[in-house]
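Coordinate analysis (summary)
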Amino acid sequence: GMSGASLQQNQGRQHGVIVTIDSLAGAGGSSTAVRVARALNAQFLSYGAFYRLVTLKAQRLGLTPSAEMNEEMVQAIIDVARRLPLAEFTTEQAQDQYRQFLQGEDVTVALDDPMISVAVPYVARIPEVREAVLQQLRRYVVAQRAAGHSVVLEGRVTGSEVVPDADVKVYLSADAGERAERRVNQLIAQAGLAAAYAQVFDLPLEDIQRETAAQGGELELRRRFVERIQHDIEARDAIDQQRAHAP
């Protein structure tokens with residue numbers, strides 16, 4: 001369609017192309033983004049990865065993002081976000097994935113650490129951190145394009161908030177039930193069924209294990225998990241749609 005045509009025109013010019021791929025969790029956004037990036041020989045960036053980078057840097061400085069952190073800790077995390085050395089962040093294609101480097105260090109595995117996954121929501125929740133990540137990311141993407149490099153950026157609000165003037169914007173959606181299935185599979189792969197359920201809904205693991213034994217085993221727990229995640233996804237979609245149509 002049109003997007004193919006506009007990509008072709010842009011290749012003739014000497015600056016790069018910015019493609020944003022917005023997807024709700026579980027709509028297959030990052031796998032699509034990786035394929036598009038390959039085809040364009042572009043950098044692949046995940047919006048979520050930048051919050052993971054901030055979290056990684058914070059943890060390495062001995063900061064522990066959590067629900068109970070004090071003002072001082074919050075301020076320290078904001079400083080980490082504002083000083084993130086994005087100019088020294090690069091991604092490289094390797095077999096079937098993109099490896100991520102920060103100041104020459106391969107941080108691909110470190111960014112996926114469960115310790116990071118647990119702490120990331122507390123970091124991303126800080127408005128000044130979001131602002132810092134957005135500004136840095138915009139500058140980074142614009143500089144890459146000016147230098148003739150193409151960038152594919154994937155996340156939840158990349159086309160609307162991060163790079164509103166992207167060359168090509170793609171919006172992916174999948175039905176909420178299908179997205180819930182994918183999300184639950186991802187979570188189970190990371191932590192195991194009972195642990196993932198306990199983590200996501202902030203419940204004591206022993207309770208979940210006891211309940212599972214009493215109430216029809218793992219299949220039943222998985223079914224409840226998918227159902228609850230699906231409700232969350234539908235609620236978030238509704239909010240996102242209201243935001244999109246807000247005056």
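Bear in mind that the values here come from a model prediction, so they are computed numbers and not experimental data.

Secondary structure assignment for the protein yields 12 helices and 7 strands. When burial is assessed residue by residue, the protein has 42% of its 247 residues classed as buried. Taking the intrachain contacts of the protein between residues at least 6 apart in sequence as the baseline, contacts between residues at least 24 apart amount to 73%. For the protein, the accessible surface area stands at approximately 13500 Å², while carbon and sulfur atoms represent 51% of it.

Turning our eyes to something else, we now look at the pattern of salt bridges. Considering all chains together, one arrives at 10 salt bridges under this definition. A salt bridge links Glu105 to Arg60; the shortest N-O distance between them is 2.8 Å. One end of the pair, Glu105, is in strand β5 (residues 105-106); the other, Arg60, is in helix α3 (residues 47-60), and 45 residues separate them in sequence. Through salt bridges with shared partners, a single network forms among Arg145, Asp165 and Asp167.

So, about the environment of Val74. Along the chain, Val74 turns up in helix α4 (residues 71-82). For the pair Val74 and Val123, spaced 49 residues apart in the sequence, the C-alpha separation amounts to 8.4 Å. The contacts of Val74, once residues within four sequence positions are left out, are Met69 and Ile126.

Where α3 meets helix α7 (residues 127-146), the axes come as close as 11 Å, and the angle between the chain directions of the two elements is 120 degrees. Regarding the angle of α3 to α7, the classification is oblique. The hand of the α3/α7 crossing is right-handed. Of α7, the residues touching α3 (which contributes Tyr47, Phe50, Tyr51 and Val54) are Val129, Arg130, Val133, Leu134 and Leu137.

Inspection of every chain in the model, using the stated rule, returns 4 aromatic pairs. An angle of 80 degrees between the planes, with centres 5.3 Å apart, marks the rings of Tyr47 and Tyr51 as edge-to-face. You can see Tyr47 and its partner Tyr51 sitting in helix α3, 4 residues apart, about one turn around the helix. For the pair Tyr47 and Tyr51, one class covers both residues: buried. One aromatic cluster is present, formed by Tyr197, Phe201 and Phe225 through successive ring pairs. The lysine or arginine in question, Arg228, covers the ring of Phe201, its NZ or CZ lying 3.7 Å from the ring centre.

The buried fraction of strand β1 (residues 18-23) amounts to 6 of the 6 residues, a majority that puts the element mostly inside the structure. Residues Ile18, Thr20 and Asp22 line one face of β1 and the alternating positions Val19, Ile21 and Ser23 line the opposite face, and both faces are buried. For β1 and strand β6 (residues 151-155), the ladder comprises 5 bridges, and the chain directions are parallel. Directly across from Asp22, in β6, lies its bridge partner Gly155. When β1 meets strand β7 (residues 168-172), the two strands line up parallel, connected through 5 bridges. Bridge pairing links Ile21 to Val170 in β7.

Calculation criteria
- Residues numbered from 1 in each chain as written.
- Predicted model: local features only at pLDDT ≥ 70, side-chain atom pairs only at ≥ 80, totals over all residues.
- Heavy atoms only, no water.
- Helix = DSSP H or I, 4+ residues; strand = E, 2+ residues; numbered from the N terminus.
- Buried < 20%, exposed > 50% of the residue type's maximum accessible area, 1.4 Å probe, protein only.
- Contact = heavy atoms within 4.5 Å.
- Areas by Shrake-Rupley, 256 points an atom, 1.4 Å probe, with all protein chains shown as cover.
- Salt bridge = Lys/Arg side-chain N within 4 Å of Asp/Glu carboxyl O.
- Axes fitted to C-alpha atoms, helices over the stretch in contact; angles between N-to-C directions.
- Parallel < 35°, antiparallel > 145°, perpendicular 65-115°, else oblique.
- Left-handed = near helix turned anticlockwise from the far one by under 90°.
- Phe/Tyr/Trp six-rings, centres within 6.5 Å; stacked < 30°, edge-to-face > 60°.
- Lys NZ or Arg CZ within 6 Å of the ring centre and 35° of its normal.
- Pairing = 2+ DSSP bridges.

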